[in-house]
Amino acid sequence: MRAETQANIEKIRKSLTLLGQRMDIETAPHRLEEFNARVEDPTLWDDPARAQKLMRDRQMLVDRMGTYEAIRSGLADNAELIELGEMEDDAEVVAEAEAALTELVEMAAKKELEALLDGEADGNDAFLEINAGAGGTEACDWAQMLARMYVRWAEGRGFEVDQQDMSPGTEAGIKSVVYQIKGPNAYGWLKSESGVHRLVRISPFGKGTRETSFASVWVYPVVDDNIEIEVNPSEIRIDTYRSSGAGGQHVNTTDSAVRITHLPTGIVVTSSEKSQHQNRDIAMKALKSRLYQMELERRTASIQEAHDNKGDAGWGNQIRSYVLQPYQMVKDLRTGYETSDTGGVLDGDLDGVMASVLAMDVSGKSRAEARAD
């Protein structure tokens, strides 16, 4: 067996070991039996929130068990094929099995990173907030490009995307938008995106000059009913206003949109669905998520510093640069990760850059450094 093939087998085995440890593979079947028994409880859906969490946790365990078994059986099957192919001097069988192992290495590495999403709120859904920064119309257009990028990323993963609020730009693009992203580990993946994103390109608005634009992205975990966040009614101000939109004769023009301001922190959240009652619930949930996020951030000094400075979407707080002119490059300034596939990234191919940040958060090293060890 070639040295490269043996090395790939060892990489997959290491990934399997970590996956098994993270999910406690020995007890996983017993936990699944417990989940199945609870699902059959006829009173389960008397509490919809508890039932939904149970179903989500059960599905997450099923997915992890399936992933572990797929990698384990893929490793065993292809290693056996290589041995048989070498014994029978069948180069074609060996080549196909080696190619399959190479693909399995990448899959196992990706799943290994996903297994590291075990932070306090990593498994939760997420609120994603995008705000145009310095750059006027250019920045509003950039904010809309980022919104499209994240929506495509989320939809590519099968996540549900609900727009909570949106403020259009004066001439083009958007001033701000808030989404709720629903899916397994949505917050765990997206939390790496909080910060200022910088774009360099030739202006598409007739100037013909190279322009630099900024937009801020902030991600907060959706707080579920198991996390208690107390909000003092005397510390919030609730305003209603007429929501903006495309307009038309059938549009409800009552003052249904809701804005909640948390006076001690200055946090402002909004929701502009059709029902004012629904908007109050959504906005209060968003406020609790923001307050919970602040508590998580206080535990990490560097993140807290970024939060304190997040109002300035400009040069000082950048996490990533997207250069479209004079060359093509997306570079994460925290990890050094870079790619020339700017089109792919802006179309939602974010797993590589997200994984580099996740690996650094876990190991204190960039992904390249970790792999070199």
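Residues numbered from 1 in each chain as written. Predicted model: local features only at pLDDT ≥ 70, side-chain atom pairs only at ≥ 80, totals over all residues. Heavy atoms only, no water.

Quick word on unusual backbone geometry
Right, so step 1: Backbone torsion omega between Gln325 and Pro326 reads 10°, so that peptide bond is classified as cis.
Right, so step 2: Summarising the element assignment, Pro326 is placed in the loop between strand E9 (318–323) and strand E10 (329–332).
Right, so step 3: The backbone of Asp24 sits at a positive phi, close to 50°, despite the residue not being glycine.
Right, so step 4: When its relative accessible area of 36% is taken as the criterion, Asp24 is described as partly exposed.
Right, so step 5: Phi at Asp89 takes a positive value of approximately 55°, unusual for a residue other than glycine.
Right, so step 6: With respect to the secondary-structure elements, Asp89 resides in the loop between helix H3 (48–87) and helix H4 (91–115). (Helix = DSSP H or I, 4+ residues; strand = E, 2+ residues; numbered from the N terminus. Buried < 20%, exposed > 50% of the residue type's maximum accessible area, 1.4 Å probe, protein only.)

Concerning the pattern of salt bridges
Right, so step 1: All chains considered together, the criterion is met by 20 salt bridges.
Right, so step 2: With a closest N to O distance of 3.8 Å, Arg56 and Asp125 form a salt bridge. One end of the pair, Arg56, is in helix H3; the other, Asp125, is in the loop between H4 and strand E1 (126–132), and 69 residues separate them in sequence.
Right, so step 3: One continuous salt-bridge network, built from bridges that share partners, spans Glu193, Arg320, Asp332 and Arg334. (Salt bridge = Lys/Arg side-chain N within 4 Å of Asp/Glu carboxyl O.)

A word on the nonpolar core
A general feature of soluble globular proteins is that nonpolar side chains tend to end up buried together.
Right, so step 1: One finds Ile130, Leu146, Tyr150 and Tyr322 to be the most contacted residues of the largest nonpolar core, which totals 59 residues.
Right, so step 2: It is helix H5 (residues 136–156) that provides the largest number of residues to this core, a total of ten residues.
Right, so step 3: Ignoring any residue separated from it by four or fewer positions in sequence, one finds Ile130 in contact with Ala143, Leu146, Ala147, Tyr150, Lys175, Ser176, Val177, Ser216 and Val217.
Right, so step 4: Judged by nonpolar contacts, the second largest core, of 24 residues, contains Ala28, Ala79, Leu104 and Ala115. (Core = buried A, V, L, I, M, F, W, Y, C linked by side-chain atoms within 4.5 Å. Contact = heavy atoms within 4.5 Å.)

As for the side chain of Ser203
Right, so step 1: Mapped onto the elements, Ser203 comes out in the loop between strand E4 (195–202) and strand E5 (210–221).
Right, so step 2: Only 2.4 Å separates the side chain of Ser203 from the side chain of Glu138, close enough to count as a polar contact.
Right, so step 3: For Ser203, the side chain forms a polar contact with the main-chain nitrogen of Phe205, separated by 3.1 Å. (Polar contact = N/O pair within 3.5 Å; in protein donor to acceptor, adjacent residues only side chain to side chain.)

Considering a nonpolar patch on the surface
Right, so step 1: A cluster of nonpolar residues, Leu81, Leu84 and Met87, forms a patch on the protein surface that exposes about 310 Å² of accessible area.
Right, so step 2: Within the secondary structure, Leu84 is located in helix H3. (Patch = residues over 30% accessible without salt bridge, like charges linked within 9 Å, V, L, I, M, F, W, Y side chains within 5 Å. Areas by Shrake-Rupley, 256 points an atom, 1.4 Å probe, with all protein chains shown as cover.)

Some thoughts on the packing of aromatic side chains
Right, so step 1: All chains considered together, the criterion is met by two aromatic pairs.
Right, so step 2: Ring plane angle 70° and centroid distance 4.9 Å describe the contact between Trp142 and Tyr322, whose orientation is recorded as edge-to-face. Residue Trp142 is found in helix H5, and its partner Tyr322 is found in strand E9; the two are separated by 180 residues along the sequence.
Right, so step 3: Measuring from ring centre to ring centre gives 5.7 Å for Trp153 and Phe159, while their planes differ by 85°; the resulting arrangement is edge-to-face. This pair shows no difference in class: Trp153 is buried, exactly as Phe159 is.
Right, so step 4: Across the ring face of Trp189, the terminal group of Arg157 is positioned such that the distance to the ring centre comes to 4.5 Å. (Phe/Tyr/Trp six-rings, centres within 6.5 Å; stacked < 30°, edge-to-face > 60°. Lys NZ or Arg CZ within 6 Å of the ring centre and 35° of its normal.)

Some thoughts on the packing of helix H1 (residues 3–23) against H4
Right, so step 1: Interaxial distance between H1 and H4 falls to 9 Å at its minimum, and their mutual angle equals 30°. With respect to H4, the element H1 is oriented roughly parallel. Our pair here, H1 against H4, has a crossing hand that is left-handed. Facing H1, whose interface residues are Thr5, Asn8, Ile9, Lys11, Ile12, Ser15, Leu18, Leu19 and Arg22, H4 presents Glu98, Leu101, Thr102, Leu104, Val105, Ala108, Ala109, Lys111, Glu112 and Ala115.
Right, so step 2: For the contact of H1 with H4, the class distribution of residues is ten nonpolar, four polar and five charged. (Axes fitted to C-alpha atoms, helices over the stretch in contact; angles between N-to-C directions. Parallel < 35°, antiparallel > 145°, perpendicular 65-115°, else oblique. Left-handed = near helix turned anticlockwise from the far one by under 90°. Nonpolar A, V, L, I, M, F, W, Y, C, P; charged D, E, K, R; others polar.)

Details of the sheet that holds strand E7 (residues 257–262)
Right, so step 1: One open sheet accounts for three strands, arranged E6-E7-E8; its pairing is antiparallel. The open sheet has two free edges, formed respectively by strand E6 (236–241) and strand E8 (267–271), since each of these has just one partner strand. Adjacent strand axes in the sheet meet at a mean angle of 15°, parallel and antiparallel pairs treated alike. (Pairing = 2+ DSSP bridges.)

What to know about the environment of Val269
Right, so step 1: As for its position among the elements, Val269 is in strand E8.
Right, so step 2: You can call Val269 buried: its relative accessible area is 6%.
Right, so step 3: The spatial distance from the C-alpha of Val269 to the C-alpha of Lys285 is 9.5 Å, given a sequence separation of 16 residues.
Right, so step 4: For Val269, the residues in contact, after removing those within four places along its chain, are Val258, Arg259, Ile260, Ala283, Ala286, Leu287 and Arg290.

Considerations on the sheet that holds strand E11 (residues 338–339)
Right, so step 1: Pairing is mixed in the open sheet, where eight strands are placed in the order E2-E3-E1-E5-E4-E9-E10-E11. A single partner strand is all that each edge strand has here, and the edge strands are strand E2 (160–168) and E11.
Right, so step 2: Strand direction decides the pairing type here: E10 and E11, joined by two bridges, are antiparallel. Paired with Val330 across the two strands is Thr339, which belongs to E11.
Right, so step 3: With respect to the sheet, H5 is in contact with E1, E2, strand E3 (174–182), E4, E5 and E9, its orientation differing from that of E5 by roughly 45°.

Digging into the pairing of E8
The side chains of a regular strand alternate between both faces of the sheet.
Right, so step 1: Along E8, four of the five residues are buried, which leaves the element largely enclosed by surrounding structure.
Right, so step 2: From the end of E7 to the start of E8, which pair antiparallel, there are four residues, and Gly266 there has a positive phi angle of about 80°.

With respect to the side chain of Gln318
Right, so step 1: The topology assignment puts Gln318 in strand E9.
Right, so step 2: There is a polar contact of 3.4 Å between the side chain of Gln318 and the side chain of Ser321.

Everything listed is a geometric property; what it means functionally is a separate question.
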